[in-house]
Amino acid sequence: MEFTALAGQRLLSLRLMSVGTHPAWVDASAPAIATYAANLELAEPARCMQVRPCEVPIPDKYPALGIELCCWPGEPGVQRWNDEEWAVFAPEQLAQLLPAEIEDVRLWDSMGEGVISALDLVLSTGATLTLRHVFPPMMLGVDVHAKEVP
């Protein structure tokens with residue numbers, strides 16, 4: 001599945017293993033949530049997709065930091081890391097925002113390296129979830145932008 005095919009899907013949950021951010025990487029641009037991968041539980045047809053940080057080869061240079069979308073054959077509440085299974089949970093910041101329709105998908109280069117390294121999911125609840133490769137070697141940051149209630 002391509003990232004753009006997420007548009008129009010109903011997102012039931014986004015689950016991840018929140019690992020926090022190492023103090024060496026914390027600054028004004030550091031995301032509130034850092035993880036190894038994010039599981040997106042979709043409603044119709046029922047399936048799980050995973051957004052992961054990755055490296056993208058660039059000829060004659062170091063690889064760029066990108067993101068990829070993969071089918072996740074396991075349960076949405078499980079991730080595998082080093083051949084071990086870990087329970088993953090929805091961040092509390094998403095409790096009031098999901099489930100929701102994914103109204104728009106925006107891909108962009110947050111690293112300035114010429115490859116797709118960030119994904120915005122614009123939700124029917126008025127929120128935008130940003131998933132982006134944030135730190136080497138392989139860390140995914142999640143930013144939650146919710147509409148302010150007047």
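Since we're looking at a predicted model, the values are computed, not measured. (Residues numbered from 1 in each chain as written. Predicted model: local features only at pLDDT ≥ 70, side-chain atom pairs only at ≥ 80, totals over all residues. Heavy atoms only, no water.)

Colleague: Break down the pairing of strand β7 (residues 84–87) for me, citing the residues and quoting the values.
Modeller: Look at any regular strand and the pattern is simple: side chains alternate between the two faces of the sheet. The pairing of strand β6 (residues 78–81) with β7 spans four bridges and is classified as antiparallel. The residue bridging W81 from the neighbouring strand is E84, located in β7. Following β6, the chain reverses through two residues before pairing antiparallel with β7; N82 in that reversal takes a positive phi of roughly 55°. (Pairing = 2+ DSSP bridges. Helix = DSSP H or I, 4+ residues; strand = E, 2+ residues; numbered from the N terminus.)

Colleague: Could you give me a rundown of the pairing of strand β1 (residues 10–16), with the residues and numbers involved?
Modeller: Relative to strand β8 (residues 100–108), β1 is paired through two bridges, and the arrangement is antiparallel. The residue of β8 that forms the bridge with L11 is A100. Pairing analysis gives five bridges linking β1 to strand β3 (residues 38–42), with the strands arranged antiparallel. Within β3, the position partnered with S13 by the bridge is E41.

Colleague: Requested: an account of the side chain of S117, with residues and values cited.
Modeller: Its location among the elements puts S117 in the loop between β8 and β9 (118–123). On the basis of relative accessible area, S117 is assigned to the buried category, the value being 0%. Among the polar contacts listed, one links the side chain of S117 to the backbone nitrogen of S110, at a separation of 2.8 Å. Not counting residues within four places of it along the chain, the set of residues in contact with S117 comprises L65, G66, I67, W108, D109, S110, M111, L131, R132 and H133. (Buried < 20%, exposed > 50% of the residue type's maximum accessible area, 1.4 Å probe, protein only. Polar contact = N/O pair within 3.5 Å; in protein donor to acceptor, adjacent residues only side chain to side chain. Contact = heavy atoms within 4.5 Å.)

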